[in-house]
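What follows is each chain in one-letter form.
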Amino acid sequence: MIYKRVQIVDSHTGGEPTRIILSGGPDLGSGSIYDRWKIFRDRYDNFRNAVVNEPRGGDAWVGGLLCTPDDPDAVAGVIFFNNIGVLSMCGHGTMGLIETLRYLGRIDSGSYKIDTPAGTISAGVDKNGRCTITNVPCFRYLSDIRLNVPGLGPITGDVAWGGNWFFLTEEHRQEISPSNIDVLSDCAGAIRKSLDKAGIYGKDGALIDHIELFGQGDDGIDSRNFVLCPGGAYDRSPCGTGSSAKVACLIDSGKLKPGEVWRQQSIIGSVFELSGIWDNGEVIVSITGEAHVTGEGELVFADNDPFRSGISTQKINLETRHSTD
């Protein structure tokens, strides 16, 4: 019997799980992290599927492959992926990575750089593990987009970049509560289909693969959200990239002052604190939250296991571009 072993550390950020691959992952060569991201996407989809999908994971898991960074001043590089494909960036996953490195003794409290395919992320962590990351530049791409959604009727929302592409709306007429997750998932899924049918995309025809619905937060909280991720799972955290997209929209519309704190609550009640400043027409967003390590060990892959490469019912390319071909 031949076994392959992959060393991991698991964590959660505001309830959303992250699995960091420390060793045993594929050799992606020595190109830029974006080039390695493309190699991972194109050649190692079975590995991605095996790490985060059943029977070793589930649809809520986000994986992170630890890589040598491009920037010699960066403490790590990372390629994030989920149950159906690769991701450009992941806010909660970056916090999970920072806490993993702190848990392993590779970093202490202080400020660090992390290389991702979307750009270099700055991260600071205090002695208690509270982490603040400075996201890639964010922006509102389209405002007040009107959609006719079957079963929902007309809704209006924004398209924004926060490290991933989002459609954000408060006009969903649904209760944002844990008891309503199935309805919210159906609502967000219908919106995503309507965007594609209407020919509404991000910059350069990028697929808008995340849907973010907003409602009223608890006392002292600015807003509560429900985020549907590309693979059909909902984000248990307030979603770092999604909350960044929200802050970019708020600042662009004058509803939030640069530097003012926005407290964003997730569907399960966890909270991120965010603020943003203008920089060359884009918004630089800082996100503060906490991650906690939940386990460490090895994933074992037996060569005679019929589900060695995982179980998946969905597969799309998250870098899909609109084409008229």
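What you see is a predicted model; the values in this text were computed from it and never measured.

> What is the right way to look at the overall build of the protein chain in this model?
For the protein chain, the helix and strand inventory stands at five helices and 16 strands. Taken over the C-alpha trace, the protein chain has a radius of gyration of 19 Å; the compact-globule value for 325 residues is 20 Å, and the two agree within 12%. With the principal axes as the frame, the protein chain shows a C-alpha extent of 60 × 45 × 40 Å. Expressed as a percentage of the 325 residues in the protein chain, the buried residues total 56%. A sequence separation of at least 24 residues applies to 64% of the contacts in the protein chain between residues at least 6 apart. In the protein chain, 30 positive and 42 negative side-chain charges are present, and the distance between their average locations comes to 2 Å.

> Even after reading the chapter, I still don't get the state of the cysteines, so can you show me in this structure?
Two cysteines joined by a covalent bond between their sulfur atoms form a disulfide. For the structure shown, the criterion picks out zero disulfides. No disulfide involves Cys131; its nearest neighbouring cysteine sulfur is the one of Cys90, lying 12 Å away. Of all cysteine sulfurs in the structure, the one in Cys249 sits closest to Cys138, which takes part in no disulfide; the separation is 9.7 Å.

> So what exactly am I meant to see when it comes to the nonpolar core here?
In a soluble, globular protein the nonpolar side chains are often hidden away together inside. Leu147, Phe167, Ile191, Leu195, Ile211, Leu213 and Phe226 are the most contacted members of the largest nonpolar core, which has 64 residues in total. The biggest single contributor to this core is helix α4 (residues 181–197), with seven residues. Grouped together as the second largest cluster of nonpolar side chains are 19 residues, Ile21, Ala50, Leu65 and Val86 included.

> Before we go on, may I ask you to explain the packing of aromatic side chains in this structure?
Here a ring pair, both rings aromatic, is described through the centre-centre distance and the interplanar angle of the planes. Scanning the entire structure with this criterion turns up seven aromatic pairs. Taking the centre distance of 5.3 Å and the plane angle of 55 degrees together, the rings of Trp161 and Trp165 count as tilted. As far as burial versus exposure is concerned, Trp161 and Trp165 are alike and both buried. Here the aromatic residues Phe139, Tyr141, Trp161 and Trp165 are joined through ring pairs into a cluster of three or more. Sitting above the plane of the Trp61 ring, Arg19 keeps its charged end 4.5 Å from the centroid.

> When you look at the pairing of strand β16 (residues 282–302) in this model, what are you seeing that I'm missing?
Look at any regular strand and the pattern is simple: side chains alternate between the two faces of the sheet. Pairing of strand β1 (residues 3–13) with β16, which is carried by 11 bridges, proceeds in the antiparallel orientation. Bridge pairing in β16 links Gln7 to Glu298. Between strand β15 (residues 271–279) and β16, which pair antiparallel in sequence order, lie two residues; one of them, Asn280, sits at a positive phi of approximately 55 degrees.

> What exactly am I supposed to notice about helix α2 (residues 45–52) here?
Each α-helix winds once per 3.6 residues, and so residues spaced three or four apart point in a common direction. Most of α2 sits out of view: seven of its eight residues are buried. Residues of α2 that are buried: Asp45, Phe47, Arg48, Asn49, Ala50, Val51 and Val52.

> In this structure, what is going on with the confidence of the model for the protein chain? I would like to understand it.
Atomic detail in the predicted coordinates should be set aside for any region of low pLDDT. Of all residues in the protein chain, 96% attain a pLDDT of 70 or more, and the chain-wide mean is 93. Note that pLDDT drops below 50 for residues 315–325; the model gives that stretch 24 contacts with residues more than four away or on any other chain.

> Would you explain the side chain of Asn225 in this entry?
Along the chain, the position of Asn225 falls in strand β13 (residues 223–228). When near neighbours in sequence (up to four residues on either side) are disregarded, Asn225 contacts Ile176, Glu212, Leu213, Phe214, Ser237, Pro238, Ser243, Gln264, Gln265, Ser266 and Ile267.

> Got a minute to help me understand a nonpolar patch on the surface in this structure?
On the surface, Met1, Tyr3 and Val300 cluster together to form a nonpolar patch covering roughly 320 Å² of accessible area. One can find Met1 in the segment before β1. When its relative accessible area of 61% is taken as the criterion, Met1 is described as exposed.

> Looking at this model, I keep getting lost on the side chain of Ser237. Mind explaining?
Among the secondary structure elements, Ser237 is positioned in the loop between β13 and α5 (240–252). At 3.0 Å, the side chain of Ser237 forms a polar contact with the backbone nitrogen of Cys239. Not counting residues up to four positions away in its chain, the partners in contact with Ser237 are Thr13, Gly14, Glu16, His92, Asn225, Ser266, Ser270 and Phe272.

> Where do I start with unusual backbone geometry in this structure?
Backbone geometry follows two general trends: most residues other than glycine have a negative phi, and most peptide bonds adopt the trans configuration. Following Glu54, the chain continues to Pro55 via a peptide bond in cis, the omega torsion being 5 degrees. Along the chain, Pro55 falls in the loop between α2 and β3 (62–67). With a phi angle near 60 degrees, Arg173 is a residue other than glycine that sits in the positive phi range. Inspection of the secondary structure assignment puts Arg173 in the loop between β11 (165–169) and α4. Given a relative accessible area of 52%, Arg173 falls into the exposed group. At Asn280, a residue that is not glycine, the phi angle is positive and equals roughly 55 degrees. Structurally, the position occupied by Asn280 is in the loop between β15 and β16. Take Asn280: its relative accessible area is 75%, and that puts it in the exposed class.

Criteria and thresholds
- Residues numbered from 1 in each chain as written.
- Predicted model: local features only at pLDDT ≥ 70, side-chain atom pairs only at ≥ 80, totals over all residues.
- Heavy atoms only, no water.
- Helix = DSSP H or I, 4+ residues; strand = E, 2+ residues; numbered from the N terminus.
- Rg over C-alpha atoms; globule rule 2.2 N^0.38 Å.
- Buried < 20%, exposed > 50% of the residue type's maximum accessible area, 1.4 Å probe, protein only.
- Contact = heavy atoms within 4.5 Å.
- Lys, Arg positive; Asp, Glu negative; His and termini not counted.
- Charge placed at Lys NZ, Arg CZ, Asp CG, Glu CD.
- Disulfide = S-S within 2.5 Å.
- Core = buried A, V, L, I, M, F, W, Y, C linked by side-chain atoms within 4.5 Å.
- Phe/Tyr/Trp six-rings, centres within 6.5 Å; stacked < 30°, edge-to-face > 60°.
- Lys NZ or Arg CZ within 6 Å of the ring centre and 35° of its normal.
- Pairing = 2+ DSSP bridges.
- pLDDT = per-residue confidence, 0-100.
- Patch = residues over 30% accessible without salt bridge, like charges linked within 9 Å, V, L, I, M, F, W, Y side chains within 5 Å.
- Areas by Shrake-Rupley, 256 points an atom, 1.4 Å probe, with all protein chains shown as cover.
- Salt bridge = Lys/Arg side-chain N within 4 Å of Asp/Glu carboxyl O.
- Polar contact = N/O pair within 3.5 Å; in protein donor to acceptor, adjacent residues only side chain to side chain.

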